[in-house]
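# Examination of the molecular architecture
Residue strings, one per chain:
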Amino acid sequence: MAVEKKTKTVKTIKVDLDKCNGCRSCEVICSAFHAAPKYSSNNPARSRIRLVQEPHKDIYLPVLAGEYAPAECAGRVKYADGGKEYDECAFCRAACPSRDLFKEPDSGLFLTCDMCESDPPLEKPLCVQWCLNDALVYEEREEAVEEDLKLDEMEKGVESLVNTYGLQRIADAIARISRKT
Ligand code: SF4
Ligand code: SF4
């Protein structure tokens, strides 16, 4: 079967903890860009990047908002590096029930970094542009999605068989085949 070769662009922001000085410009520009109307206000609580900081320990950790997590973690991890010890939730990117981070302060809606989705597209995400210390570095790479397409195609095929013959008959057939292999 001919497989269509496709790629997708993966966007990444690399964080260099040694370069962040806690200026919080990234929070300011992110919250201003996402204000309605755009740039009408800036409130770090509405930013999709937040600075976890403990100045007396020289800890400045920019964290970008990831996906919402509906439940708290059962276990947590403590990170230590170069004599610095970070809070258990410090590196977590999720909005979750155990903290207010990455929740819109008025509505409680979850905030997710959108890499500054915009029309026309931005040359680079704004937090990266505003970080004068190069603590945030933007990278793009192309990744093959050949396998995803194959799986999509396979799933469609199985779905059509299930629709035609019913789930039980297909499950029985798969069980028979697996006994032979
Ligand atoms: S703009 Fe850069 S240096 Fe300033 S807090 Fe954000 S990541 Fe750190
Ligand atoms: S990439 Fe854009 S949306 Fe994401 S944290 Fe940075 S400024 Fe905010």
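As a starting point, this report considers the structure included with it.

Conventions we followed
- Residues numbered from 1 in each chain as written.
- Chains lettered and ligands numbered in written order.
- Predicted model: local features only at pLDDT ≥ 70, side-chain atom pairs only at ≥ 80, totals over all residues.
- Heavy atoms only, no water.
- Near = heavy atom within 4 Å.
- Nonpolar A, V, L, I, M, F, W, Y, C, P; charged D, E, K, R; others polar.
- Core = buried A, V, L, I, M, F, W, Y, C linked by side-chain atoms within 4.5 Å.
- Buried < 20%, exposed > 50% of the residue type's maximum accessible area, 1.4 Å probe, protein only.
- Helix = DSSP H or I, 4+ residues; strand = E, 2+ residues; numbered from the N terminus.
- Contact = heavy atoms within 4.5 Å.
- Expected span 1.5 Å × (residues − 1).
- Phe/Tyr/Trp six-rings, centres within 6.5 Å; stacked < 30°, edge-to-face > 60°.
- Lys NZ or Arg CZ within 6 Å of the ring centre and 35° of its normal.
- Salt bridge = Lys/Arg side-chain N within 4 Å of Asp/Glu carboxyl O.

### A word on the site of ligand 1
- Around ligand 1, the surrounding shell consists of C20, N21, G22, C23, R24, S25, C26, L51, P62, C131, N133 and L136.
- Its residues placed into classes, the shell around ligand 1 shows 7 nonpolar, 4 polar and 1 charged.

### Digging into the nonpolar core
- Core analysis: the biggest nonpolar cluster contains 14 residues, and I13, C20, C26, I49, C127, V128 and L136 have the highest contact counts within it.
- At the level of elements, α1 (25-33), β2 (49-54), β3 (59-64), α2 (126-130) and β6 (136-144) are the ones that each hand at least two residues to this core.
- Residues in contact with V128, not counting those within four places in the same chain, are I13, L136 and Y138.
- Among the nonpolar cores identified, the runner-up in size contains 9 residues, and L61, V63, A90 and F102 belong to it.

### Observations regarding helix α4 (residues 167-180)
- Its 14 residues give α4 an end-to-end C-alpha distance of 20 Å, which sits within 8% of 20 Å, the value for a rise of 1.5 Å per residue.
- With 1 of its 14 residues buried, α4 lies for the most part at the surface.

### Concerning α1
- Of all 9 residues that make up α1, 7 are buried, and the element is covered over most of its length.
- Inspection of α1 places C26, E27, I29, C30, S31, A32 and F33 among the buried residues, and these make up the whole buried set.

### Side note on the packing of aromatic side chains
- For the structure on display, the rule yields 4 aromatic pairs.
- Between F33 and Y39, the ring centres sit 6.1 Å apart and the planes meet at 65°, which makes this aromatic pair edge-to-face.
- Residue classification places Y39 among the partly exposed positions, given a relative accessible area of 47%.
- What links up through ring pairs into an aromatic cluster is the set Y79, Y86 and F91.
- Against the face of F33 rests K38, its NZ or CZ located 4.5 Å from the ring centre.

### So, the pattern of salt bridges
- Across all of its chains, the model carries 11 salt bridges by this definition.
- Across the pair K14 and E139 runs a salt bridge, and its minimum N-O distance is 3.3 Å. Taken together, the residues K14 in strand β1 (residues 7-15) and E139 in strand β6 connect sequence positions 125 residues apart.
- Here E139 falls in the partly exposed class, since its relative accessible area comes to 34%.
- With a closest N to O distance of 3.8 Å, E85 and K78 form a salt bridge.
- Look at E85 and you get partly exposed, because its relative accessible area is 43%.
- Salt bridges here are not isolated pairs; linked through shared partners, they connect R24, E27 and R50.

### Overview of unusual backbone geometry
- A cis amide bond links A36 to the next residue, P37, at an omega of -10°.
- Within the element layout of this structure, P37 appears in the loop between α1 and β2.
- Put simply, D119 and P120 share a cis peptide bond, and its omega is 0°.
- In this structure, P120 sits in the loop between β5 (84-86) and α2.
- In this structure, R24 is a non-glycine residue whose phi angle is positive, near 70°.
- Tracing the backbone through its elements, the reader meets R24 in the loop between β1 and α1.
- Non-glycine residue F102 carries a positive phi angle of around 60°.
- Along the chain, F102 turns up in the loop between β5 and α2.

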